[in-house]
Structures are given as C-alpha cells and as structure tokens.
Amino acid sequence: MDNREILKELLDARAFERRTVVLSSGKTSHYYFDGRKVSLNPQGAYLIAQIICDMLMNENVDAVGGLTMGADPIVGALGPVAYQRGLNLSLFIVRKEAKKHGTRQQIEGPPLLPGQRVVIVDDVITTGGSVIKAVQAVREIGCEVVKAIALVDRLEGGTKNLEEMGVRVESMFTAADFGL
C-alpha cells in the first residue's frame, strides 16, 4: 500500500464520526470529520507530511501554513519531513485574530515577506472559512497564495468559494472517497 492508501484507512478509521452534528458553519451534517485525530498521531502526521511534500515538489513555494487549530499539527509535522527532503520552507500559523498584547501579530513564525509564494493547509474544507481567513492574512502582507491543500474536502462549496478568490485547491481526499 502507498502512503495515500494508508492515510485514507487511518482517516476513515479514526477521523470520521458518522452521527448528526452541527458544524461551525451552523449547518447540520450526518458526519463529523476531525483531522486532528490523525494529524496528531505519529504515523498520520508522517504520512500527511510526506504527501504534502509530494504535492509541493514542483510549486516553487517559500512558506506553508494555515489557520490555527486545524493547520497546527499539519504544519508541525511538515517541518522535519520537508527538511529531510531538501525543501527550504518557512512555516507559519495564522491566529484567528491578531494578538491584543505583545507583538500584536496575527501570523506566527519566521516573518513572511511581500512576494513570497505560500501554500495554505487545513485539515478540512467545508465552506472554506478557515482557509479564507488564512489567505486574507497572508495576502495583506503581500504574499502570493499558490494553492490551498486540505486533507478532506467535504464538497460543500468551500472549494468553489476559494477558487472564486483565485486560490487553487488540492485536497488529498473528498467526502465521496469515504462514501459520504
């Protein structure tokens, strides 16, 4: 089995709950996806990082990051694997809002510079809200968003919303891949 197949099995077994839930968008769904149950697992984190590195190989990317919390474990896992594979990346986390104290930053990590090419990561895309917040934050400082990468696209309009903003979306899997 290759990395994608193994990751798909882990996600299906650990990250999906097939029950009725209310999502952050306010919509009701017949399943819940919590990617952190896999991205915070050593095997899952390693597989996710390997696959993202594969997805970045020909992109000429300077930095990778995303909105806290869904992106945090993905970004953390990506660092050592990217280093091992010779990818010179800066990593960052976007806060939901700028800190009210200290440096008052919204983006944490090595400073992003205008003109840098960045990729936004997240565990799931539903309406795209989390990715959109991250895209807006990095665009405000002049970075170019090359694409967004998600573990799972719920196929509920988020990809379309992002594409309308000029952001190419590449998901590892869709809800349909899991029979949802």
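As a reminder, the structure under discussion sits directly above these lines.
What comes next concerns the included structure.

Calculation rules
- Residues numbered from 1 in each chain as written.
- Predicted model: local features only at pLDDT ≥ 70, side-chain atom pairs only at ≥ 80, totals over all residues.
- Heavy atoms only, no water.
- Helix = DSSP H or I, 4+ residues; strand = E, 2+ residues; numbered from the N terminus.
- Axes fitted to C-alpha atoms, helices over the stretch in contact; angles between N-to-C directions.
- Parallel < 35°, antiparallel > 145°, perpendicular 65-115°, else oblique.
- Left-handed = near helix turned anticlockwise from the far one by under 90°.
- Contact = heavy atoms within 4.5 Å.
- Phe/Tyr/Trp six-rings, centres within 6.5 Å; stacked < 30°, edge-to-face > 60°.
- Buried < 20%, exposed > 50% of the residue type's maximum accessible area, 1.4 Å probe, protein only.
- Core = buried A, V, L, I, M, F, W, Y, C linked by side-chain atoms within 4.5 Å.

## Here's the deal with unusual backbone geometry
Right, on to step 1. Between T68 and M69 the backbone carries a cis peptide bond, its omega angle lying at 15°.
Right, on to step 2. For M69, the position within the fold is in the loop between strand 5 (63-67) and helix 4 (72-84).
Right, on to step 3. Positive phi is not limited to glycine here, since N60 has a value of about 50°.
Right, on to step 4. Tracing the backbone shows N60 in the loop between helix 3 (42-56) and strand 5.
Right, on to step 5. Here the phi dihedral of L155 falls at roughly 60°; this positive angle occurs in a residue that is not glycine.
Right, on to step 6. Looking at the element boundaries, L155 is found in the loop between strand 9 (144-153) and helix 6 (158-164).

## What to know about the packing of helix 3 against helix 4
Right, on to step 1. Close contact between helix 3 and helix 4 brings their axes to 8 Å; oriented N to C, the two are set at 65°. As judged from the angle between their axes, helix 3 and helix 4 are roughly perpendicular. Along this stretch, helix 3 crosses helix 4, giving a crossing that reads as right-handed. Contact residues: A45, Y46, I48, A49, Q50, I52 and C53 in helix 3; I74, A77, L78, V81 and A82 in helix 4.

## With respect to the packing of aromatic side chains
Right, on to step 1. Summed over the entire model, instances satisfying the criterion amount to 4 aromatic pairs.
Right, on to step 2. Pairing F16 with F178 gives two aromatic rings, centres 4.6 Å apart and planes at 40°, and the pair type is tilted. Taken together, the residues span a long stretch of sequence, with F16 in strand 1 (residues 16-17) and F178 in the segment after strand 10 (169-174) at a distance of 162 residues.
Right, on to step 3. Judged by its relative accessible area of 9%, F178 is buried.
Right, on to step 4. Ring geometry for F173 and F178: centres 5.7 Å apart, planes at 65°, overall edge-to-face.
Right, on to step 5. Overall, the relative accessible area of 7% leaves F173 in the buried class.
Right, on to step 6. Members of the aromatic cluster, connected to one another through ring pairs, are F16, Y31, F33, F173 and F178.

## Comments concerning the nonpolar core
Right, on to step 1. If you look at the biggest cluster of nonpolar residues, it comprises 40 residues, and the most contacted ones within it are L7, L11, I52, V121 and M172.
Right, on to step 2. For this core, the elements supplying multiple residues, two or more each, are helix 1 (3-14), helix 3, helix 4, strand 8 (117-125), strand 9 and strand 10.
Right, on to step 3. Sequence-distant contacts of L11, defined by excluding residues within four places in its chain, comprise F16, F33, V38, L151, V152, F173 and F178.
Right, on to step 4. Formed by 22 residues, the second largest nonpolar core is a distinct cluster that contains A63, V94, A137 and V138.

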